[in-house]
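Close look at the chain arrangement
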Amino acid sequence: MTILTDPPKESFRLSMLIYDTRYRSLTFQAITAAVLALCIWYLGNNLIQNLRAAGLNIAFDFLGDPSGYDINQRLVEYDSQSTHARAALVGLLNTVLVAFLACVTATVFGVIAGVLRLSNNWLVSKLMAAYVEIFRNIPVLIWIIIIFTIMTAVLPGPRAFRGDDPASSMLFGSFAFTNRGIYTPMPWFESGFFASASLNWLVVLAGLVVSWIVSRRITAWATAKQEATGVRPKTMLPVLAVWLVPFLVLMLVMGLTWEIPALKGFNFQGGIKIGGPLIALWFALSIYTGAFIAENVRAGIQAISKGQTEAAAALGLRPRRVMNLVVLPQALRVIIPPLISQYLNITKNSSLAIAVGYADITATLGGITLNQTGRAIESVLLLMLFYLTASLLISFGMNLYNASVKLKER
Amino acid sequence: MSDLNYDRQIDRSKMQIGSEVAIEISEMNKWYGTFHVLRDINLTVNSGERIVICGPSGSGKSTLIRCINRLEEHQAGRIVVDGTELTNDLKNIDKIRSEVGMCFQHFNLFPHLTILENCTLAPIWVRKTPKKEAIETAMHYLEKVKIPDQANKYPGQLSGGQQQRVAIARSLCMKPRIMLFDEPTSALDPEMIKEVLDTMIELAEEGMTMICVTHEMGFARQVANRVIFMDEGQIVEQNEPEEFFNNPKSERTKLFLSQILGH
């Protein structure tokens, strides 16, 4: 018979909190949490006391008051009688607009520049290197101002288009590049299904969704065919037809016409106006961030060892297939995490809009509204809340995508 | 470098050297910039031959076999594989690559694909094999290298020896007529070396034409029908294994063999 005994218990000593690995990290976490709580309590208390001393309070009812200022660039109905909340919404949509446009074009610039920088063509790769080094090493604010200045200084004013035949001085008789922005024709439907233009556009969108579903089906069919017979049918023409034919038919049925901008008085009327500030901000953010994305793309492709390409080539795969089947799926997992950061940077850098008078949320809520109402704390709080929410949403969406392309190991 | 001894009986019945020429290299030269890596290489390999190439590092042995499937370009001379000359013509390169399989020192499996997908990728996209058939072939070869149960795992989940055997199976799925091995066991532990060499011996027993860059002298002695010694970009000496190991002709070979077998 054996006698079971517990291992001798070590009695707890206070010094173990620092020297024992089991308690050490707990100790430090507890200290950090305590210090943090103290800081928050101090700052919060400070704020409340100072506000009370100055006779101020935190209230958001100023958002319901009429704003009293005009906004040039807007995506929704707005005039100076609208509320401050409405002005903030206009600014918010403007921020989302420029951030979205810049994310798309920056990605395009970045991918092209990143891939071309690895080109064997000496001139092309050096050109791309020059692009990257010039644009990422000069602050984006300076780029915004440079592009805006060039646009306003070089392009003619609307009055330059005056004359016997104003259309003749416009590009294709319908585009006008002026120092106030670019005026382009606006598509609208003469015999649309609905009276409202947005409902008609919804019909077009629905048509495109159907095309997308059908083209997915064609791709799936091609894959099934390849799995069964080994030969992948050529799908480019049918896919192209599925996208184009319904779209064109829809345009014809709904009677697509273009509203051409025309010079009336001192300015162009009709068509779509893309304001100079929007273009300057959009373009500057795109080329600036594109330079960073180019480096991410290059790093991602270079992170894939040469052995991968060689093994694929030795199996008889052609370079395009090697890129699509072997290199890119692996490179994406390296490219995406820093790409998320670049999208967040674009969103936050778009607040530099104020430099060229683009009415983003920092310019409306954080600028004019703040100055007019004196509600600095509330405005800045809302501003912070917006950027935080937007950034977290982008981050969340991109992380979902990242998880789907992540390398599976162990 | 170890001189492994195989207790197993090697079946030589199918190790027949055919009369048709599989690879013919004549007066081949290669430079890296101004550095002359391969000098006047002349080598004829008949089908069914098992050739081991050895030599000190930097002697050009890897470069030589990488020239055979155009992973490296040669600047002078001719390389003819199975009647097709290696030129800049993409069609010829494709044809040769689909006949020549290759295994690398670091396996180079595709980490984002499962073992099975690694094996079916090239048959599906290059050979245009129906997927079902490609999977059947892949499972056949995975069984041959004794890892069919790992088919749905990813390369990162396998040991080095298993990965190299998958790499061999991946090449075999293209049904090559010639196999090139570039130091296939140099990155492996001794136990794993044995499992990979066993797979290679089985391949030899089935009559595969093989060119193998390796320092496994036991393998060279028992499996190869010809051993080639290279130094400074040249073929210094080539002979049957018995003669090569017992009566090396050149001083350079003697020195190399004494270093590699001496300890």
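Our subject is the structure that appears above.
The paragraphs below set out a description of the structure included in this document. What you see is a predicted model; the values in this text were computed from it and never measured. Sequence order as written defines the numbering, with residues in each chain counted from 1. The lettering of chains begins at A and the numbering of ligands begins at 1, in the order of writing. With the structure being a predicted model, the display of local features is reserved for residues of pLDDT at least 70 and the display and counting of side-chain atom pairs for 80 or more, all residues being used for whole-chain, interface and lining totals. Only hydrogens and water are removed before side-chain values are computed, so all heavy atoms of the structure are retained for them.

Once that is clear, we can look at the overall build of chain B. Only DSSP runs of H or I with at least four residues qualify as helices, and only runs of E with at least two residues qualify as strands; both kinds are numbered from the N terminus onward. For chain B, the helix and strand inventory stands at nine helices and ten strands. The globule rule used for comparison is 2.2 Å times the number of residues to the exponent 0.38, while the radius of gyration itself is calculated over C-alpha atoms. Its C-alpha radius of gyration of 18 Å places chain B within 12% of the 18 Å reference for a compact globule of 263 residues. Its C-alpha atoms put chain B at 55 × 45 × 35 Å along the principal axes. Looking at the 263 residues of chain B, the share that counts as buried comes to 59%. Sequence separation of at least 24 residues holds for 69% of the intrachain contacts in chain B that already meet a minimum separation of 6. For the area figures, the Shrake-Rupley method with a 1.4 Å probe applies, and any residue is considered shielded solely by the protein chains shown. Total accessible area computed for chain B in this model is approximately 11,100 Å², and 47% of it derives from carbon and sulfur atoms. A simple rule labels every residue: compare its accessible area, found with a 1.4 Å probe on the protein chains alone, to the largest value its type can have, and call it buried under 20%, exposed over 50%, or partly exposed in between. Here a residue-residue contact requires only that any non-hydrogen atoms of the pair lie within 4.5 Å.

Attention shifts here to the packing of helix 3 (residues 84-117) of chain A against helix 10 (residues 319-349) of chain A. Residues and elements named next belong to chain A. Two elements in contact, helix 3 and helix 10, have axes separated by 9 Å at closest approach and are oriented at 140°. As the angle between them shows, helix 3 and helix 10 are arranged oblique. Of the two elements, helix 3 crosses helix 10, and the hand of that crossing is right-handed. Across from Ala99, Ala102, Cys103, Ala106 and Thr107 in helix 3, the residues of helix 10 making contact are Tyr343, Ile346 and Thr347. The residue classification treats Ala, Val, Leu, Ile, Met, Phe, Trp, Tyr, Cys and Pro as nonpolar and Asp, Glu, Lys and Arg as charged. All others, Gly included, are polar. Its residues placed into classes, the contact of helix 3 with helix 10 shows six nonpolar, two polar and no charged. Here an axis means a line fitted to C-alpha atoms, over the contact stretch when the element is a helix, while the angle between two N-to-C directions is reported on a 0 to 180 degree scale. Roughly parallel means an angle under 35 degrees; roughly antiparallel, over 145; roughly perpendicular, 65 to 115; everything else is oblique. Each helix crossing is assigned a hand: it is left-handed if the near helix lies turned anticlockwise from the far helix by less than a right angle, otherwise right-handed if that turn is clockwise.

Residue and element names in this part refer to chain B. Ranked by internal contacts, the top residues of the largest apolar core, which has 88 residues, are Ile23, Ile25 and Ile53. In this structure, Ile25 is in contact with Ile41, Asn42, Leu43, Leu64, Ile68, Arg78 and Ile79, ignoring residues within four places of it in sequence. Nonpolar cores are built from buried Ala, Val, Leu, Ile, Met, Phe, Trp, Tyr and Cys residues. Side-chain atoms within 4.5 Å join them into one set. Among the nonpolar cores identified, the runner-up in size contains 48 residues, and Ala151, Ile168, Met208 and Ile260 belong to it.

Attention shifts here to helix 2 (residues 90-99) of chain B. Listed as buried for helix 2 of chain B are Ile93(B), Ile96(B), Arg97(B), Ser98(B) and Glu99(B). Looking at the buried residues of helix 2 of chain B, the elements they touch are helix 9 (306-314) of chain A together with helix 1 (61-68), strand 4 (76-81), strand 5 (84-85), strand 6 (100-103) and strand 7 (178-182) of chain B. For the purposes of these results, a polar contact is taken to be a pair of N or O atoms within 3.5 Å, where, inside protein, one atom must be able to donate a hydrogen and its partner to accept one; residues adjacent in sequence count only when each atom of the pair is a side-chain atom. Residue Asp89(B) occupies the N-cap position of helix 2 of chain B, its side-chain oxygen lying 2.9 Å from the main-chain nitrogen of Lys91(B).

Turning to the packing of helix 6 (residues 197-229) of chain A against helix 7 (residues 236-253) of chain A, a few remarks are in order. Residue and element names in this part refer to chain A. Closest axis-to-axis distance for the helix 6/helix 7 pair is 9 Å, and the angle between their directions is 160°. Comparing the axis directions of helix 6 and helix 7 gives the class roughly antiparallel. The two elements helix 6 and helix 7 meet at a crossing, and its hand is right-handed. Here Val203, Val204, Leu208, Ser211, Trp212, Val214, Ser215 and Ile218 of helix 6 come into contact with helix 7, specifically with Pro238, Val239, Val242, Trp243, Pro246, Phe247, Leu250 and Met251. Of the residues that constitute the contact of helix 6 with helix 7, the class distribution is 14 nonpolar, two polar and no charged.

The next subject is the side chain of Ser59(B). Residue and element names in this part refer to chain B. Here Ser59 shows up in the loop between strand 3 (50-54) and helix 1. Ser59 sits in the buried class, given a relative accessible area of 1%. Separated by 2.7 Å, the side chain of Ser59 and the backbone oxygen of Pro56 make a polar contact. Ignoring any residue separated from it by four or fewer positions in sequence, one finds Ser59 in contact with Val37, Met230, Asp231, Glu232 and Gly233.

This paragraph deals with helix 9 of chain A. Most of helix 9 of chain A sits inside the fold, with seven of its nine residues counted as buried. Turning to helix 9 of chain A, its buried residues are Gly307(A), Gln308(A), Glu310(A), Ala311(A), Ala312(A), Ala313(A) and Ala314(A). Against helix 10 of chain A together with helix 1, helix 2, strand 6 and helix 5 (160-172) of chain B lie the buried residues of helix 9 of chain A. Directly beyond the C-terminal end of helix 9 of chain A, a positive phi value near 100° is found at Gly316(A).

All names here are of chain A. Examined against the element boundaries, Asn200 turns out to sit in helix 6. Classification of Asn200 as buried rests on a relative accessible area of 3%. If we ignore the near neighbours within four places in the chain, the residues touching Asn200 are Phe189, Gly192, Phe193, Phe194 and Met254.

Moving on, we get to the interface of chain A and chain B. Across the contact, 27 residues belong to chain A and 30 residues belong to chain B. Buried area adds together the accessible area that both of two parts lose upon being put together, with accessible area traced by a 1.4 Å probe. Approximately 2,600 Å² of surface area, both sides summed, lies buried where chain A meets chain B, with 61% of it carried by carbon and sulfur atoms. Put simply, a salt bridge is a Lys or Arg side-chain nitrogen that is within 4 Å of an Asp or Glu carboxyl oxygen. Scanning the region where chain A abuts chain B turns up three salt bridges. For the side of chain A that touches chain B, the elements supplying multiple residues, two or more each, are helix 6, helix 9 and helix 10 of chain A.

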